[in-house]
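Listed below are the residues making up each chain.
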Amino acid sequence: MPTEIEAKRLEVISDMLPHIGMNKDAIEADFLKYLCHTLGRQLTSEDYYLFKALSYATRDRLMTHWKRTWAAYNHNGKLKKAYYLSMEFLIGRSLTNNLLNLGIESATEKAIYDLGLDFEEIEHTERDAGLGNGGLGRLAACFMDSCATLKLPVMGYGLRYEYGMFRQIIQNGYQVEQPDHWLGFGPHPWEIQRAEYTQVVKFGGESREYIDPVSGNLIAHWEHADVVLAIPYDVPIPGFKNETVNTLRLWWAMAKEGFDLSEFNAGSYHEAVAKKSEAENITKVLYPNDSSENGKELRLKQQYFLVSASLQDVLTQWTEKYGSDFSDFAEYNAFQLNDTHPSLAVVELMRLLVDKERMGWDEAWRITTQTMAYTNHTLLPEALEKWPRELFQKLLPRPLDIIYEINRRFLTEVAMKWPADTERQRRMSIVDENDNICMAYLAIVGSHSVNGVAELHSNLLKEGLFNDFYQLWPEKFNNKTNGVTQRRWLAGCNPDMRALLKEHIGENWITHLEDLQQIEPLAEDAMFRKRWHEVKQKNKKRLADLVLEETGVNLPLESMFDVQVKRIHEYKRQLLNVLHVIHLYSRIKRGQIDNWTNRAVLFGGKAAPGYAMAKLIIKLINNVADVVNRDPDVGDKLKVAFFPNYRVSAMEVICPGTDLSEQISTAGKEASGTGNMKFMMNGALTIGTLDGANVEILETVGEENFFLFGLKTPEVEELRRYYNPQIFIDQSNDLQAVMGLLESGHFNQFEPGIFDPIIRSMKSSQDPWMTLADFQSYISVQEQAAHAYQDRESWVRKSIVNTARSGIFSTDRTMQQYNDEIWGLTPIDTGSVDIAC
Ligand SMILES: *Cc1c(COP(=O)(O)O)cnc(C)c1O
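Quick caveat: nothing in here was measured; it's all calculated off a predicted structure.

Reading the values: rules and limits
- Residues numbered from 1 in each chain as written.
- Predicted model: local features only at pLDDT ≥ 70, side-chain atom pairs only at ≥ 80, totals over all residues.
- Heavy atoms only, no water.
- Helix = DSSP H or I, 4+ residues; strand = E, 2+ residues; numbered from the N terminus.
- Buried < 20%, exposed > 50% of the residue type's maximum accessible area, 1.4 Å probe, protein only.
- Contact = heavy atoms within 4.5 Å.
- Areas by Shrake-Rupley, 256 points an atom, 1.4 Å probe, with all protein chains shown as cover.
- Near = heavy atom within 4 Å.
- Polar contact = N/O pair within 3.5 Å; in protein donor to acceptor, adjacent residues only side chain to side chain.
- Nonpolar A, V, L, I, M, F, W, Y, C, P; charged D, E, K, R; others polar.
- UniProt positions renumbered as here; feature names shortened; annotations may be inferred.
- Axes fitted to C-alpha atoms, helices over the stretch in contact; angles between N-to-C directions.
- Parallel < 35°, antiparallel > 145°, perpendicular 65-115°, else oblique.
- Pairing = 2+ DSSP bridges.
- Phe/Tyr/Trp six-rings, centres within 6.5 Å; stacked < 30°, edge-to-face > 60°.
- Patch = residues over 30% accessible without salt bridge, like charges linked within 9 Å, V, L, I, M, F, W, Y side chains within 5 Å.
- Salt bridge = Lys/Arg side-chain N within 4 Å of Asp/Glu carboxyl O.
- Lys, Arg positive; Asp, Glu negative; His and termini not counted.
- Charge placed at Lys NZ, Arg CZ, Asp CG, Glu CD.
- Core = buried A, V, L, I, M, F, W, Y, C linked by side-chain atoms within 4.5 Å.
- Left-handed = near helix turned anticlockwise from the far one by under 90°.

### Description of the overall build of the protein chain
Moving on, step 1. Helix and strand counts for the protein chain stand at 34 helices and 24 strands.
Moving on, step 2. In terms of its C-alpha atoms, the protein chain occupies a principal-axis envelope of roughly 90 × 75 × 60 Å.
Moving on, step 3. Out of the 837 residues belonging to the protein chain, those deemed buried represent 61%.
Moving on, step 4. Sequence separation of at least 24 residues holds for 78% of the intrachain contacts in the protein chain that already meet a minimum separation of 6.
Moving on, step 5. Surface summary for the protein chain: the accessible area is close to 32500 Å², and the carbon and sulfur share equals 51%.

What follows is the structure, given as structure tokens:
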């Protein structure tokens, strides 16, 4: 029973709050209030303060829905919830997206305009929240947006890195990394600290077993551990105009006490302070490695910190409501693991259920495997996480015990299925022969669902990497092809296309992307094609202006904008693209310019700071760009630029302004790709290999609307056995000319030999990416693309078809499938729930 005072407080419900208007005048008044009264600034202050004031005014408009959504999920009877565990959420900017989803962009723009301010300038002062590397982190952000739009009770759990993805600058053609202190000064406008939900995470110490004096059972204690506090910061995730605001909860590490007093008293002042900073280092910085493991102790700490804090948070909320009755826990909770990074969740849930809740092993294992689901994101062996047993022993002694017990029971099951097949038991063991813990195997064993992220990738998992596990548990394996959210990647980033679409088919596509189909017949309407082309040219102008500002290179608007932006990685084969650029340059120099199509080739992407080859590829692109752009024989025929610091907000300008999207990875290496989908949605045509989701894009648009080239996955694997790149050089005059230019040092005249490692790797029979094998096919299809671009009417038709058929690449579809086939959540209407203020 509430006390009298509590009862009184509960009567103060949200209806009694001052009404927050969604119209222009109300937004303007709040903006001015925050700017002048809260921040103590004025309209002439720097854009940064204007941005902050506008963000607070916007956040106010999310708050009631946010509280209502929370109440609907947590105080409104028992309902199933899902938790998306990810080490990365590559959010980018939030202001425009939140205004869009609230449906108040035009009112806000008008309010800002009426005050004599420039909305775009304010919008552009927001720093990207770069809490991720690339595709995997951006996918998590798109998923969050779609779940909120589908009204699904899904919560994201991640880390609040103080330093996000590094800022890339280019000096003398080389990548230089600078720290990204994205939070800036003062409180960050989109997050709310919720110290009341703080959790405690253990590291170190040792694991001891006892006989429980009451039950007589063997129980384990994790003793003498160091503890770190996990403080949650909540970020609102609004659905599109549906009054749902989901939560992304990011953990921040803080030392338990400022000082360890015993050490302080013993005179170890320095050691006490050092321990504090060691704890707080856990969430200091995002590891900038994409698709490759890092193996650092601090990274393992980050992973355990995320899963321990998140699972304790979920279990605390459960026990507060249902006490220690976990009998139906698995029916009401689902955890999705974004790659193996959070796969310790399997172990941590076992630990909490067995050690803390005193549950029997079998029951705890049933609950764990019924709630956990694992998404694999790569087939590259260098990305498969393995942690040495000694590291576990030192940092996570009790979880290590649990892993050994999981493995012991698992290998017994393998032995039952394949008696005497010791080779298979060795292959499948979670702990390998070198005493490394294989996180992918742990994730598969501990989950009821294992999915890949495109059809091809999911099939390759079953046939290759995880074949033993597929034979044991075929029912666990499934596919969920990735997507992107059309709110950010079409409605938000391409306002002119949005306006054109609105005129013809309305705006239902913003939540039902299949509706874009309705514009396909308009591809036959010359007037519509003209409008479509005008929109593209306007977007190219916007992109060209940005490229000029960032690089000093002028991209002619009539040229074909040919773009490859993504992490720099050998498997993505930026090198193949560079070879094509050199080929075009060589043709120009030789005067082979009949029927020429002018081209502007744009590259962008970050290399992991420790990945020497990727960094050298950046240098090569910049050197080739220099030679090409300075050569008067070349002129407008060919321009090349490297866009520095590629990030979400850059992609929002790049993908609407692209004609040709480069998706040219070695077949079988790109799990899905999502950049390919953003370009397609914005009317770019793809030149690509049969890899990842390109396969599904091709199936959707048809061969006549896609430039397909290169070896297929089985051909790559076949050729690998006797690969001899020299044969491809000998067979092609074009390739000889290109290699001749490269090897002569034409692009590094005063830096002799710097590109030798690149030349050597391409000419090696061991080149895993087999760049030279696809050269001839690539340049001939590039030439087809160039000719196709000259027929404007036909090109625009293809462009329209690409956008019109991009419907299935919405994360709304992806999330619907996760929900239908893995989670089983009921969408929740949050509108009418009463909340206490
Ligand atoms: C979409 C996106 C990616 C993924 O691109 P891929 O071409 O699929 O590798 C990476 N980084 C950023 C900033 C993105 O927006």
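### Things to note about the site of the ligand
Moving on, step 1. Among the 14 residues in the neighbourhood of the ligand, the closest are listed as Lys566, Lys572, Thr674, Gly675 and Lys678.
Moving on, step 2. One of the side-chain N or O atoms of Lys572 is found 2.7 Å from an oxygen atom in the ligand.
Moving on, step 3. Contact distances for the ligand include 3.0 Å between an oxygen atom and a backbone N or O atom of Gly675.
Moving on, step 4. Expressed as a share of its isolated accessible area of 390 Å², the protein-covered part of the ligand is 95%.
Moving on, step 5. Mapped by element, the contributors of at least two residues to the shell around the ligand are α25 (648-654) and α26 (675-681).
Moving on, step 6. Within the shell around the ligand, the residues separate by chemical class into five nonpolar, five polar and four charged.

### So, the UniProt feature "modified residue: N6-(pyridoxal phosphate)lysine" (unreviewed entry) in the protein chain
Moving on, step 1. In this structure's numbering, the residues bearing the UniProt feature "modified residue: N6-(pyridoxal phosphate)lysine" (unreviewed entry) are Lys678.
Moving on, step 2. Its location among the elements puts Lys678 in helix α26.
Moving on, step 3. A relative accessible area of 6% places Lys678 in the buried class.
Moving on, step 4. In this structure, Lys678 is in contact with Arg138, Val484, Trp489, Met651 and Cys655, ignoring residues within four places of it in sequence.

### Some words on the side chain of Lys606
Moving on, step 1. The topology assignment puts Lys606 in the loop between β20 (599-604) and α24 (612-630).
Moving on, step 2. Reaching out from Lys606, the side chain makes a polar contact with the side chain of Asn645 at a distance of 2.9 Å.
Moving on, step 3. Among all residues touching Lys606, those that are not within four sequence positions of it are Met165, Phe166, Gln168, Gln175, Lys566, Arg567, Ile568, Asn645 and Tyr646.

### Some remarks on the packing of helix α22 (residues 526-551) against helix α33 (residues 792-804)
Moving on, step 1. α33 packs onto α22 with a crossing angle of 80° between their chain directions and a minimal axis gap of 10 Å. When the axis of α22 is compared with that of α33, the two are roughly perpendicular. Contacts between α22 and α33 pair Phe528, Arg529, Trp532 and His533 from the former with Arg792, Glu793, Val796, Arg797, Ser799, Ile800 and Thr803 from the latter.
Moving on, step 2. Counted by class, the contact of α22 with α33 contains four nonpolar, three polar and four charged residues.

### Structural notes on the sheet that holds strand β22 (residues 660-663)
Moving on, step 1. Pairing is parallel in the open sheet, where six strands are placed in the order β21-β20-β19-β22-β23-β24. Every interior strand has two partners, whereas the edge strands, β21 (638-643) and β24 (707-708), have only one.
Moving on, step 2. With six bridges connecting them, strand β19 (residues 560-565) and β20 associate as parallel partners. For Val563, the partnering residue across the bridge sits in β20 and is Leu602.

### A closer look at helix α13 (residues 361-371)
Moving on, step 1. Among the residues of α13, those classed as buried are Trp361, Ala364, Ile367, Thr368, Thr369 and Thr371.
Moving on, step 2. Where the residues of α13 are buried, they touch α11 (329-332), β13 (333-338), α12 (345-356), β14 (372-375), α15 (397-417) and α17 (439-445).

### A closer look at the packing of aromatic side chains
Within a pair of aromatic rings, the relevant descriptors are the distance that separates the centres and the angle that separates the planes.
Moving on, step 1. Applying the stated criterion to the full structure yields 29 aromatic pairs.
Moving on, step 2. Aromatic pair Phe143 and Tyr818: ring centres 5.4 Å apart, planes at 65°, arrangement edge-to-face. Of the two residues, Phe143 sits in helix α7 (residues 135-149) while Tyr818 sits in helix α34 (residues 811-823), which places them 675 residues apart along the sequence.
Moving on, step 3. You can call Tyr818 buried: its relative accessible area is 0%.
Moving on, step 4. An aromatic cluster of at least three residues, connected via ring pairs, comprises Tyr84, Phe89, Phe143, Tyr818 and Trp823.

### Some remarks on a negative patch on the surface
Moving on, step 1. Together, Glu109, Asp118, Glu120 and Glu121 line one region of the surface with negative charge.
Moving on, step 2. With respect to the helices, strands and loops of the structure, Glu120 is situated in helix α6 (residues 119-124).

### A word on the nonpolar core
Moving on, step 1. Counting 170 residues, the largest nonpolar core has Phe305, Leu344, Phe392, Ile654 and Trp823 as its most contacted members.
Moving on, step 2. For this core, the element with the highest residue contribution is helix α10 (residues 297-322), accounting for 10 residues.

### Quick look at the pairing of strand β6 (residues 174-178)
Moving on, step 1. Sheet topology note: the strand β5 (residues 167-171)/β6 ladder contains five bridges and is antiparallel. Residue pairing across strands places Gln168 opposite Glu177, the latter belonging to β6.
Moving on, step 2. Counted between consecutive antiparallel strands, the loop separating β5 from β6 contains two residues, among which Asn172 sits at a positive phi close to 55°.

### Quick notes on the pattern of salt bridges
Moving on, step 1. For the structure on display, the rule yields 61 salt bridges.
Moving on, step 2. The salt bridge involving Glu278 is made with Lys301; its shortest N-O contact spans 3.3 Å. Linking Glu278 in helix α9 (residues 269-280) with Lys301 in helix α10, this pair joins segments that are 23 residues apart in sequence.
Moving on, step 3. When its relative accessible area of 44% is taken as the criterion, Glu278 is described as partly exposed.
Moving on, step 4. The closest approach of N and O atoms between Glu821 and Lys480, which form a salt bridge, is 2.6 Å. With a gap of 341 residues between them, Glu821 in helix α34 and Lys480 in the loop between β18 (477-479) and α20 (486-492) connect regions that are remote in the sequence.

### Details of the side chain of Thr378
Moving on, step 1. Considering the arrangement of structural elements, one finds Thr378 in the loop between β14 and β15 (386-388).
Moving on, step 2. The class of Thr378 is buried, set by a relative accessible area of 7%.
Moving on, step 3. A polar atom in the side chain of Thr378 sits 2.9 Å from the backbone nitrogen of Leu380.
Moving on, step 4. Excluding residues that lie within four positions of it along the chain, Thr378 makes contacts with Ala383, Leu384, His457, Leu465 and Ala671.

### Section: the packing of helix α23 (residues 574-589) against α24
Moving on, step 1. With their axes 11 Å apart at the nearest point, α23 and α24 run at an angle of 15° to one another. One element, α23, and the other, α24, form an angle in the roughly parallel class. Between α23 and α24 lies a crossing whose hand is left-handed. In this structure, α23 contributes Gln574, Leu575, Val578, Val581, Ile582 and Tyr585 to the contact, and α24 contributes Ile617, Leu620, Ile621, Val624, Val627 and Val628.

### A word on unusual backbone geometry
Moving on, step 1. Backbone geometry places Asn172, a non-glycine residue, at a positive phi of 55°.
Moving on, step 2. Overall, Asn172 belongs to the exposed group, its relative accessible area being 59%.
Moving on, step 3. In this structure, Met770 is a non-glycine residue whose phi angle is positive, near 45°.
Moving on, step 4. Position of Met770 among the secondary structure elements: in the loop between α31 (756-763) and α32 (775-790).
Moving on, step 5. Overall, Met770 belongs to the buried group, its relative accessible area being 1%.

### Quick notes on the pairing of strand β4 (residues 154-159)
Moving on, step 1. In terms of residue burial, β4 counts as a mostly covered element, since six of its six residues are buried.
Moving on, step 2. Residues Val154, Gly156 and Gly158 point to one face of β4 and Met155, Tyr157 and Leu159 to the other, with burial holding for every one of them.
Moving on, step 3. By the bridge criterion, four bridges tie strand β1 (residues 81-85) to β4 in an arrangement that is parallel. Bridge pairing in β4 links Leu85 to Tyr157.
Moving on, step 4. Where β4 meets strand β12 (residues 245-255), four bridges bridge the pair, whose relative direction is parallel. Across the sheet, Tyr157 pairs through a bridge with Arg249, a residue of β12.

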